[in-house]
Amino acid sequence: MTESLRREFLARGLRNVSERVAKAAECAGRDPDLITTVVVTKTWPASDLRLLHELGVRDFGENRHQEGVEKAAELADLDLTWHFIGQIQSNKANKISRYADVVHSVDSVPVAQRLNAGAHHREKVVDCFVQVDLGPEGLVQGRGGVVPAEIDEVAHTIDTAGRLRLGGVMGVVPLGADPASSYRRLAEVSRRLLETHRGATAISAGMSADVEEAIVAGATHVRVGSAVLGERPPLG
Ligand SMILES: *Cc1c(COP(=O)(O)O)cnc(C)c1O
């Protein structure tokens, strides 16, 4: 695809997503300007991110450390906000917080501690969301996240770490589960967390397939990949 065709494709995808966000916000009686769309660019080349930047995108999501760190270096001339949204191996955490501005997928105390260690190497504090396991109690989902009983401990670690700021919660719908009810549970977890951490207002929820359900449930951040960039090439 030529660059100008790719730009048109991306522009159309962005328009479509922003219309969906606006319509869902209207249905929910919410202000669409208070919803951040993170464009998930995993597997796509830096050239796409440059086009998206020209089209006005500033918030980019990546889910693998190696790819994220390379793109952040390659695009260091642009003023971008990097969101790390993937599962974090704890031995990578202190590298991720050197370039990621927002980490959506904090899922343990050691990960939070290591993110904090890495964040000492930069000026800005790193916004952190606690990833909540939305699977049925006692079932291992493999999509990551902290079980509800342990959320307070991870949140407290972030809150008191020094170089991290507790932004809120994040969730991924378990395979086969209903997005609307999963996101309602996430919103309930968010309300409980807000009782003890008044600044933890963010709810990161919603992907290409279920932006509407997430916004109706209160999402402040939606993470949208394929609806903007197209179907990802299969991972090799
Ligand atoms: C890939 C990914 C997304 C975006 O998924 P799409 O279906 O392409 O919109 C959102 N959140 C996480 C955690 C992801 O890994």
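Treat the numbers as computed from the prediction; the structure is a model and nothing was measured.

Some points on the pairing of strand β1 (residues 36–40)
Where β1 and strand β8 (residues 221–224) come together, 4 bridges link them in parallel fashion. The residue of β8 that forms the bridge with valine 39 is valine 224. The sheet contact formed by β1 and strand β2 (residues 59–62) spans 2 bridges and is parallel. Residue pairing in the sheet places valine 39 in a bridge with phenylalanine 60 of β2. Handedness of the crossover joining β1 and β2 through helix α2 (residues 46–54) is recorded here as right-handed.

Observations concerning the nonpolar core
If you look at the biggest cluster of nonpolar residues, it comprises 62 residues, and the most contacted ones within it are Leu52, Val103, Val106, Leu115, Ile158 and Val228. Those residues in contact with valine 228 that lie beyond four places of it in its chain are Phe9, Leu10, Gly13, Leu14, Val17, Val39 and Leu52.

Description of the pairing of strand β5 (residues 126–132)
A regular strand places its side chains on the two faces of the sheet in alternate fashion. Where burial is concerned, most of β5 is hidden: 6 out of the 7 residues are buried. In this structure, strand β4 (residues 102–106) lies alongside β5, joined through 3 bridges in parallel fashion. Opposite valine 106, over in β5, you have valine 130 as the bridge partner. Between the parallel elements β4 and β5, the chain passes through helix α5 (residues 109–119) in a crossover that is right-handed. Where β5 meets strand β6 (residues 164–171), 7 bridges bridge the pair, whose relative direction is parallel. Considered in β6, the bridge of aspartate 127 is made with arginine 165.

Here is what the cut-offs are and how they apply
Every residue gets a number counted from 1 within its own chain, in the order that chain's sequence is written. In keeping with the model being predicted, local features are shown solely for residues with a pLDDT of at least 70 and side-chain atom pairs are shown and tallied solely at 80 or more, while totals for entire chains, interfaces and linings include all residues. In computing side-chain values, all of the structure's heavy atoms are included and hydrogens and water are not. Whether two strands pair depends on DSSP finding at least two bridges between them. Only DSSP runs of H or I reaching four residues or more are called helices, and only runs of E reaching two or more are called strands; each is numbered from the N terminus. Orient the strands so they point away from the viewer, and a crossover whose first-strand-to-second-strand path over the helix runs clockwise is right-handed. Grouping buried Ala, Val, Leu, Ile, Met, Phe, Trp, Tyr and Cys residues that are joined through side-chain atoms within 4.5 Å yields what is termed a nonpolar core. A 1.4 Å probe rolled over the protein chains alone gives each residue an accessible area, and that area as a share of the maximum for its type sets the label: buried under 20%, exposed over 50%, partly exposed in between. Every residue pair with non-hydrogen atoms within 4.5 Å of one another is taken to be in contact.

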